[in-house]
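Structural overview
So you can see what is in the structure, the chains are spelled out below.
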Amino acid sequence: MAIENIKMPQLGESVTEGTIEKWLVQPGDHVNKYDPLAEVNTDKVTAEVPSSFTGTIKELIASEGETLAVGEIVCTIETEGGDAAPVEEAKPASSEKATEMPAAGAKPTEKLEGTKGSSQPVKTSGAKGRYSPAVLRLAQDNDIDLSQVEGSGNEGRITRKDLMALIDSGNIPKAGEAPAAQPQAQQQEQPPAPKETPVQEAPKAAAAPIESAPGDIEIPVTGVRRAIAANMLKSKHEAPHAWMMVEVDVTNLVQYRDSIKGEFKKKEGFNITYFAFFVKAVSQALKEFPMMNSMWAGDKIIQKKDINISIAVASDSALFVPVIKNSDEKSVKGIGKEVNELALKARSGKLKSADMQGGTFTVNNTGSFGSVQSMGIINHPQAAIMQVESIVKRPVIMDNGMIAARDMVNLCLSLDHRVLDGLVCGQFLARVKEILENMSKENTSVY
């Protein structure tokens with residue numbers, strides 16, 4: 001028998017890590033090659049990790065909820081046939097998956113105490129000194145002093161889950177707030193402290209824990225929900241949100257869509273929805289106002305060439321944001337078909353990472369819930385999100401002074417004020433309004 005390692009696969013282009021959502025096997029289970037071993041979440045997409053061998057599950061290295069970099073070992077399997085082989089330790093190599101960092105106050109080449117002439121470096125407790133790229137990136141983005149963080153991973157290793165818990169609590173350890181203890185030898189080398197020591201700012205108080213009362217239901221936070229929370233928090237913290245709204249008379253559009261929906265469904269096999277017309281109008285207006293199709297990039301603003309519309313699709317437990325690529329080049333029918341296909345894939349768990357990438361502007365169909373006014377959170381790193389509200393009949397005063405029942409809809413725009421100002425956003429909304437109000441049987445084709 002030989003022991004083989006199953007590693008975290010790269011489940012999509014630019015995917016660097018994955019979270020073990022659920023193990024489908026346990027130690028001792030026999031599996032065939034290509035059998036699913038675990039459900040893994042990456043970039044809000046859940047996929048199955050297949051076995052590369054036929055054999056018996058030996059050990060589950062990663063626990064459910066743990067985030068690992070691509071290439072890290074998730075479990076071991078005892079294959080059929082061959083001589084026994086030692087199991088490679090479930091730690092990333094320093095040159096591929098992690099960065100070796102010395103413990104706080106320790107020199108990288110410091111010799112072991114009591115080992116005369118030894119050049120072996122001092123090891124940190126467990127694996128705490130090794131950080132995955134995901135942990136390093138999260139620490140840099142949130143200014144976290146990793147030397148002050150206690151890890152919950154193997155041998156005390158700090159995981160992405162540990163940092164997300166700190167960020168959620170608001171008790172983020174920063175350099176200088178609570179210096180870590182230094183080795184005794186290092187402390188002896190330091191000069192004596194001055195008589196007057198400057199007063200240090202007290203560490204931030206930890207957020208009070210929320211206690212569960214009898215009858216309360218505790219719902220574990222899934223990888224998908226945590227990814228949504230992190231992205232929304234980042235958007236609100238980084239982007240100064242502003243908000244605008246216009247109301248649009250879509251009476252002609254409603255009459256046009258109602259007149260063709262039966263024949264269209266019979267011919268094409270899916271429903272033609274109002275949402276497809278709205279996405280088409282937004283795509284057309286984005287071509288005329290390309291600044292709306294931009295992103296903030298620190299020292300520059302990137303105006304995207306392609307118009308890729310992100311759409312929000314909700315399931316019972318998660319929110320997915322698949323992308324309609326090059327929507328400005330598609331007809332109403334083409335957009336409607338893609339919206340239908342992406343929604344079905346999202347609700348059946350078949351979305352791929354590629355389906356979620358490349359969005360430049362988001363259109364959210366909040367009207368499907370009966371909402372008439374809402375303020376969306378921008379889908380980071382995009383610069384704006386539009387909420388299409390419910391179409392409702394309201395009495396409207398017409399140009400001739402008469403009052404008529406009209407089909408009205410509110411379009412609500414949240415914008416990143418670093419990138420966009422009121423002038424361009426107002427002009428953009430006015431153009432979308434104009435396009436929609438002129439959609440009719442005479443002026444618009446779905447093909």
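Above this text is the structure in question.
Residues numbered from 1 in each chain as written. Predicted model: local features only at pLDDT ≥ 70, side-chain atom pairs only at ≥ 80, totals over all residues. Heavy atoms only, no water.

**Here's the deal with helix α2 (residues 160-169)**
Here α2 has its buried residues at R160, D162, L163, M164, L166 and I167. A positive backbone phi angle near 85° is found at G170, which sits one or two residues after α2. (Buried < 20%, exposed > 50% of the residue type's maximum accessible area, 1.4 Å probe, protein only. Helix = DSSP H or I, 4+ residues; strand = E, 2+ residues; numbered from the N terminus.)

**Quick word on the packing of helix α6 (residues 274-288) against helix α7 (residues 332-347)**
In the contact formed by α6 and α7, the axes pass within 9 Å of each other and the chain directions differ by 120°. Between α6 and α7, the angle falls in the class oblique. When you trace α6 past α7, the crossing you get is right-handed. Residues F275, A276, F277, V279 and K280 of α6 pack against V332, I335, G336 and V339 of α7. Looking at side-chain class alone, the contact of α6 with α7 contains 7 nonpolar, 1 polar and 1 charged residues. (Axes fitted to C-alpha atoms, helices over the stretch in contact; angles between N-to-C directions. Parallel < 35°, antiparallel > 145°, perpendicular 65-115°, else oblique. Left-handed = near helix turned anticlockwise from the far one by under 90°. Contact = heavy atoms within 4.5 Å. Nonpolar A, V, L, I, M, F, W, Y, C, P; charged D, E, K, R; others polar.)

**Quick notes on the nonpolar core**
If you look at the biggest cluster of nonpolar residues, it comprises 59 residues, and the most contacted ones within it are M292, F361, F428 and L436. No other element matches α6, which puts 9 residues into this core. Within the second largest apolar cluster, 17 residues are counted, among which are I20, V25, V74 and C75. (Core = buried A, V, L, I, M, F, W, Y, C linked by side-chain atoms within 4.5 Å.)

**With respect to the pattern of salt bridges**
This structure, assessed with the given rule, holds 11 salt bridges. A salt bridge links D249 to R406; the shortest N-O distance between them is 2.8 Å. Taken together, the residues span a long stretch of sequence, with D249 in strand β11 (residues 241-249) and R406 in strand β21 (residues 403-416) at a distance of 157 residues. Among the residues examined, D249 registers a relative accessible area of 15% and is labelled buried. By relative accessible area, R406 is classed as buried at 19%. For K393, the salt bridge is made with D407, and the minimal N-O distance between the two is 3.2 Å. Of this pair, K393 sits in strand β20 (residues 392-397) while D407 sits in strand β21, placing them 14 residues apart in sequence. Accessibility expressed as a relative area gives 59% for K393, which makes it exposed. Among the charged side chains, a salt-bridge network with shared partners connects E288, R431 and E434. (Salt bridge = Lys/Arg side-chain N within 4 Å of Asp/Glu carboxyl O.)

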